[in-house]
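Structural characterization, general
Residues per chain are reported as follows:
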Amino acid sequence: MSDKKSANAMWGGRFSAGPDAIMEAINASIGYDQKMAKQDIDGSRAHAAMLAAQGIINDSDASAIRKGLLTVLSEIEGGNFAFSTALEDIHMNVEARLTEIVGPAAGRLHTARSRNDQVATDFKLWVRGQMDAAIDGLSALMAVFVDQAEAGADMVMPGFTHLQVAQPVTWGHHMMAYVEMFARDRSRFIDARKRMNESPLGAAALAGTSFPIDRDMTAEALGFDRPSANSLDAVSDRDFALEFLTSCSICATHISRIAEELVIWSSAQFRFVTISDRFSTGSSIMPQKKNPDAAELLRSKVGRITGSLVALLTIMKGLPLAYSKDMQEDKEQVFDAADSMMLSLAALTGMIADMRPNEEPLRLAAASGFSTATDLADWLVRALNMPFRDAHHVTGALVKMAEDQGCDLHELSLAQMQSVEAKITDAVYEVLGVENSVASRISYGGTAPVQVRAQIKRWREALA
């Protein structure tokens, strides 16, 4: 049987001629939806077992179908399967080959099922697997950030606002900020996974079926929590794909933020970190160059991933219930975003694990830019009972004096300080060192090493 005749047989007697070549090209999805081969076969095996259990098909046919499907899966996984564009998609390619293997019994597999609920089931299974992979990948990424935090819990570095030195913080505190950020990403995938875990199988084309199927049986067999409650919604829903892409987009945004910091920090002007050779490249003309190409590529992935989200949102906008062929365009966006997401998580995990902070440049930068000015203002409030706004004004005047003198705050003499505020004593110098500054930030979630270590302990236990 030729591919076109086989395709006509799949469509049934409604069509007397094969598709035009252009129609075939625009209609076919096998070039990408073959990614869902295992999910398609898993769903079909569960469906066949249920049909037999309900007496809709006999046990002999069900057994032949299920064994035949394993043969098809083996051929696909072994690279010995000839995919046909004329057969449109993974569902019809599998069914056509199953017919060649087991004969007419294969025709009973599609009883009480449509390609509409079949593709929704396959796609959900595939996306669910990617959500699990993202959750695991984020856990591994968080763990290497915790390792970095523990190694540098006391290491002083500058904290920035507007990319200007603001206050001293610790390396451990900065690393733990990303643990919190990626933990929220992980929670989004976990939450979306719970919400999407309803089985569309049995919704058929859009209205359900008159056959006495057991949707709870197939849902359980495929690891779903329950069958979906409305057949129209089941086949037209792509919220699970949108939520996956949304979670990926937010996560990619966070990856882009740390990637940008790595690009800045590894520059000759900063020298805050050394990125390993495994994640760097050289220049074709400048032998001294060591470029953070991996970080730059990670920084760019958010555009690609968010583009997929916008594309699918646009595809779904205004679609009437239930299924429309527009929805065939969902998979390439999700497949591409998933590949980018998993690669990004793996690359960033490797980079952070190998990254080495450079303690001396970090400390020198932390002490620059009058970073302890807020500590001085706080001291004036505590020691002299000065209203904070007055303390802010006095500190600003002292900063201006130091700037004019070309020195830092701790280098001003006591007499110089007292020329601005007579009540200042030499006890003020105790708060002007960067180590003293970070040690004083003992509020919950603060940068003090004791607080950082408490958060490290909390996350070690959570990740374990």
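It should be noted that the structure appears before, not after, this text.
Read on for an overview of the structure. Each chain carries its own residue numbering, running from 1 in the direction its sequence is written. Reporting in this predicted model follows two pLDDT cut-offs: at least 70 for local features of residues, and 80 or more for side-chain atom pairs to be given and counted; totals over whole chains, interfaces and linings ignore these cut-offs and use all residues. Water and hydrogen atoms play no part in the side-chain values, which are based on all heavy atoms of the structure.

Section: the nonpolar core
To keep things clear, this is the line we draw: Definition used in this section: a nonpolar core is a set of buried Ala, Val, Leu, Ile, Met, Phe, Trp, Tyr and Cys residues joined via side-chain atoms within 4.5 Å. The buried label goes to any residue with under 20% of its type's maximum accessible area, the exposed label to any with over 50%, and the partly exposed label to all in between, with areas taken from a 1.4 Å probe on protein chains only. Each helix is a run of DSSP H or I of at least 4 residues and each strand a run of E of at least 2, with the numbering of both proceeding from the N terminus. By definition in these notes, contact holds between two residues if any of their heavy atoms fall within 4.5 Å.
In terms of nonpolar packing, the biggest core is built from 76 residues, with Phe182 and Leu262 touching the most fellow members. Listed by contribution, the elements that provide at least two residues to this core are helix H7 (115-151), helix H8 (171-196), helix H11 (239-265), helix H12 (293-316), helix H13 (330-354), helix H14 (359-366) and helix H19 (449-463). Considering every element that reaches this core, the biggest residue donor is H11, with 15 residues. Once you skip the residues sitting within four places of it in the chain, Leu262 turns out to touch Ile275, Ala295, Leu348, Met351, Ile352 and Met355. With 23 residues, the next largest nonpolar core counts Ile65, Ile90, Ala112 and Ile213 among its residues.

What about the packing of aromatic side chains?
The geometry of an aromatic ring pair comes down to the distance between the two centres and the angle between the two planes. As a reminder, the rule being used: When the centres of two rings from Phe, Tyr and Trp lie within 6.5 Å, Trp using its six-membered ring, the rings pair. Their planes under 30 degrees apart give stacked, over 60 give edge-to-face, and anything left gives tilted. Put simply, a charge is over a ring when the Lys NZ or the Arg CZ is close to the ring centre, within 6 Å, and near the line of the ring normal, within 35 degrees.
Applying the stated criterion across every chain yields a total of 13 aromatic pairs. Here the aromatic rings of Phe145 and Tyr178 are separated by 5.5 Å at their centres, their planes lie at 20°, and the arrangement is stacked. On the criterion of sequence distance, the pair formed by Phe145 in helix H7 and Tyr178 in helix H8 is long-range, its members being 33 residues apart. Given the relative accessible area of 5%, Tyr178 is considered buried. Taken together, the aromatic side chains of Phe160, Trp171, Trp265, Phe270 and Phe272 make up a single cluster linked through ring pairs. In this structure, Lys35 packs its charged tip against the face of Phe335, placed 5.8 Å from the ring centre. For Lys331, the ring lying beneath its charged end belongs to Phe123, and the centroid distance is 5.2 Å.

Some thoughts on the pattern of salt bridges
Heads up, the condition is: Each reported salt bridge corresponds to a side-chain nitrogen of Lys or Arg within 4 Å of a carboxyl oxygen of Asp or Glu.
Tallying each qualifying case throughout the model produces 27 salt bridges. Salt-bridge contacts for Asp132 lead to Arg193; the nearest nitrogen and oxygen are separated by 2.5 Å. With a gap of 61 residues between them, Asp132 in helix H7 and Arg193 in helix H8 connect regions that are remote in the sequence. Looking at Arg193, the relative accessible area reads 23%, which means it is partly exposed. The residue Asp185 makes a salt bridge to Arg188 at a minimum N-O spacing of 2.9 Å. Highlighted residues: Asp185 and Arg188, both in helix H8, separated by three residues, approximately one helical turn. With a relative accessible area of 26%, Arg188 lands in the partly exposed category. Via salt bridges that share partners, Glu88, Asp89, Arg115 and Lys325 belong to a single interconnected network.

As for the packing of H7 against H8
Rule in force here: Axis lines are fitted through C-alpha atoms, for helices just across the contact stretch, and the angle between N-to-C directions can take any value from 0 to 180 degrees. Roughly parallel covers angles under 35 degrees, roughly antiparallel covers those over 145, roughly perpendicular covers 65 to 115, and oblique covers all other angles. Handedness of a crossing is defined here by the sense of rotation of the near helix relative to the far one, left-handed for an anticlockwise turn of less than a right angle and right-handed for a clockwise turn. Under the convention adopted here, Pro, Cys and the residues Ala, Val, Leu, Ile, Met, Phe, Trp and Tyr are nonpolar, Asp, Glu, Lys and Arg are charged, and Gly plus all remaining residues are polar.
One way to put it is that H7 packs onto H8 with a least axis distance of 9 Å and a crossing angle of 165°. The angle between the axes of H7 and H8 places the two elements in the roughly antiparallel class. The handedness of the crossing between H7 and H8 comes out as left-handed. Class assignment for the residues of the contact of H7 with H8 results in 21 nonpolar, three polar and six charged.

Quick look at unusual backbone geometry
In this chain, Leu321 is followed by Ala322 through a cis amide linkage whose omega measures 10°. Residue position: Ala322 is located in the loop between H12 and H13. Positive phi values are uncommon outside glycine, yet Leu163 reaches one of about 60°. Assignment of secondary structure puts Leu163 in the loop between strand E1 (156-161) and strand E2 (164-170). Note on Leu163: relative accessible area 53%, which makes it exposed.

A short note on the pairing of E2
Heads up, the condition is: For two strands to be treated as a pair, DSSP must find no fewer than two bridges joining them.
As defined by bridge partners, E1 adjoins E2 across six bridges and the pair is classed as antiparallel. If you follow Thr161 over to E2, its bridge partner there is Gln164. Hairpin connection from E1 to E2: two residues lie between these consecutive antiparallel strands, with His162 at a positive phi of about 60°.

Brief notes about the environment of Ala140
Relative to the assigned elements, Ala140 resides in helix H7. Looking at Ala140, the relative accessible area reads 38%, which means it is partly exposed. Ala140 sits 168 residues away from Ser308 along the chain, and the two C-alpha atoms are 25 Å apart.

Focus on helix H5 (residues 59-77)
For clarity, the threshold we go by: Expected helix span is given by 1.5 Å per residue-to-residue step, counting one fewer step than there are residues. Think of the arc as the fan of directions from the helix axis to the C-beta atoms.
Counted at 1.5 Å a residue, the expected span for H5 with its 19 residues is 27 Å, and the 27 Å between its end C-alpha atoms agrees. Of the residues making up H5, those classed as buried are Asp61, Ala62, Ile65, Gly68, Leu69, Val72, Leu73, Glu75 and Ile76. Looking straight down H5, one finds that the buried residues subtend no more than 155° of arc, so they occupy a single side. For H5, exposure combined with an orientation more than 90 degrees from the buried face picks out Asp59, Ser60, Lys67 and Glu77. Considering only its buried residues, H5 is in contact with helix H4 (37-53) and helix H6 (90-102). With its phi angle positive at about 75°, Gly79 sits one or two positions after the end of H5.

Observations concerning the packing of H11 against H12
The interhelical angle for the contact between H11 and H12, taken along N-to-C directions, is 160°, at an axis separation of 8 Å. Classed by the angle they form, the pair H11 and H12 counts as roughly antiparallel. Handedness of the crossing formed by H11 with H12: left-handed. A breakdown of the residues in the contact of H11 with H12 according to their chemical character gives 17 nonpolar, six polar and three charged.

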